[in-house]
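Residue strings, one per chain:
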Amino acid sequence: MDTNKLYGWTGKLLAVDLTGRTCSVRETADYRDRFIGGKGIGGKLYWDDLVKGRDAFHEDSALILMTGPLAATPAPSGSRWLACGKSPSLYPECFASANLGGSFGAQLKKAGYDGLVIKGKASDKIYLLITDGRLEFKDAGHLKGLPVSATARALQSEAGKKIGFVTTGVGGENSVRFATLATDAGGSGSVGFGAVMGSKNLKAIAVRGSGVIPVAHPESIRRIRQEIK
């Protein structure tokens, strides 16, 4: 094991401003040694950016999508990832998180990012496409009003069959406070984050990556997987 090498992380978090259609990079190293996994880092990001009096649908309320150090590695359950932020389905509104499956988390990690911090509101319906570190703001007018299944087919037609994605359905677009997020492979996350995504005029995020996440002890991971099997 190389003690100077970063294991289990890409080292980068992508902060996206939908209003200005800009992005910037934060360093995972600023958080990973103090907070445990994606939920710990996501909570820290939330509290650092929290401004009193802004509800879950406020443009500056962040939708945070986080992986953990096992994502995109051969470790068991490495496909899991988290959405977190202020929940519109709780009263009073407060911090919450949802654990999701599908390939989105692993693909995000392989594309170069440990997590996304999404703020602002797009002027028109859009989706985000991330390919190996490159972010594109794509028109999603043709996806407006589509259910999850039809959105999935459209995204796969445009971006490729092997993309990971997370999207919201008709309920999320119409600010139904308990609307869910949905992913490829049937993953879903509750506590209203589908409505938070919809409030930002963000229909979906599609991602595809080809990177490899290094692990410190690959033989140990293989042994654990074999024991579980």
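The structure this text deals with has already been given above.
Small disclaimer: the values here were computed from a predicted structure and weren't measured. (Residues numbered from 1 in each chain as written. Predicted model: local features only at pLDDT ≥ 70, side-chain atom pairs only at ≥ 80, totals over all residues. Heavy atoms only, no water.)

1. A closer look at the overall build of the chain
Argument step 1. The number of helices and strands found in the chain is 6 helices and 12 strands.
Argument step 2. The C-alpha atoms of the chain give 17 Å as radius of gyration, which agrees with the globular expectation for 229 residues (17 Å, within 12%).
Argument step 3. Summarising its shape, the C-alpha atoms of the chain cover approximately 50 × 40 × 30 Å along the three principal directions.
Argument step 4. Here the chain, with 229 residues, has 48% of them falling under the buried criterion.
Argument step 5. With an accessible surface of roughly 10600 Å², the chain has 51% of that area assigned to carbon and sulfur atoms.
Argument step 6. Taken as two groups, the 31 positive and 21 negative side-chain charges of the chain have centres that lie 4 Å from each other. (Helix = DSSP H or I, 4+ residues; strand = E, 2+ residues; numbered from the N terminus. Rg over C-alpha atoms; globule rule 2.2 N^0.38 Å. Buried < 20%, exposed > 50% of the residue type's maximum accessible area, 1.4 Å probe, protein only. Areas by Shrake-Rupley, 256 points an atom, 1.4 Å probe, with all protein chains shown as cover. Lys, Arg positive; Asp, Glu negative; His and termini not counted. Charge placed at Lys NZ, Arg CZ, Asp CG, Glu CD.)

2. Considerations on the sheet that holds strand β8 (residues 134–139)
Argument step 1. In space, the 6 strands of this open sheet follow the order β8-β7-β12-β9-β10-β11, with mixed pairing throughout. The open sheet has two edge strands with one neighbour each: β8 and β11 (188–189).
Argument step 2. The sheet contact formed by strand β9 (residues 164–168) and strand β10 (residues 181–183) spans 3 bridges and is antiparallel. Residue pairing in the sheet places Thr168 in a bridge with Leu181 of β10. (Pairing = 2+ DSSP bridges.)

3. Overview of the nonpolar core
Argument step 1. With 31 residues, the main nonpolar core has Leu65, Ile118, Ile130 and Ile205 as its most contacted residues.
Argument step 2. With near-sequence residues (within four places) excluded, Ile130 lies in contact with Leu14, Leu108, Ala111, Tyr113, Leu116, Leu135, Ile205, Ala206, Val207 and Arg208.
Argument step 3. One finds Ala152, Leu155, Ile163 and Phe165 within the second-largest nonpolar core, a separate group that totals 12 residues. (Core = buried A, V, L, I, M, F, W, Y, C linked by side-chain atoms within 4.5 Å. Contact = heavy atoms within 4.5 Å.)

4. Some points on the sheet that holds strand β5 (residues 94–100)
Argument step 1. Ordered in space as β2-β1-β6-β3-β4-β5, the 6 strands form an open sheet in which the pairing is mixed. The open sheet has two edge strands with one neighbour each: β2 (22–27) and β5. Taken pair by pair, the neighbouring strands of this sheet meet at an average axis angle of 20°, ignoring direction.
Argument step 2. Across 4 bridges, the pairing between strand β3 (residues 63–66) and strand β4 (residues 81–87) is antiparallel. Within β4, the residue paired with Met66 across the bridge is Leu82.
Argument step 3. Across the sheet, helix α1 (residues 37–49) is in contact with β1 (12–17), β2, β3, β4, β5 and β6 (115–119); its angle to β3 comes to roughly 155°. (Axes fitted to C-alpha atoms, helices over the stretch in contact; angles between N-to-C directions.)

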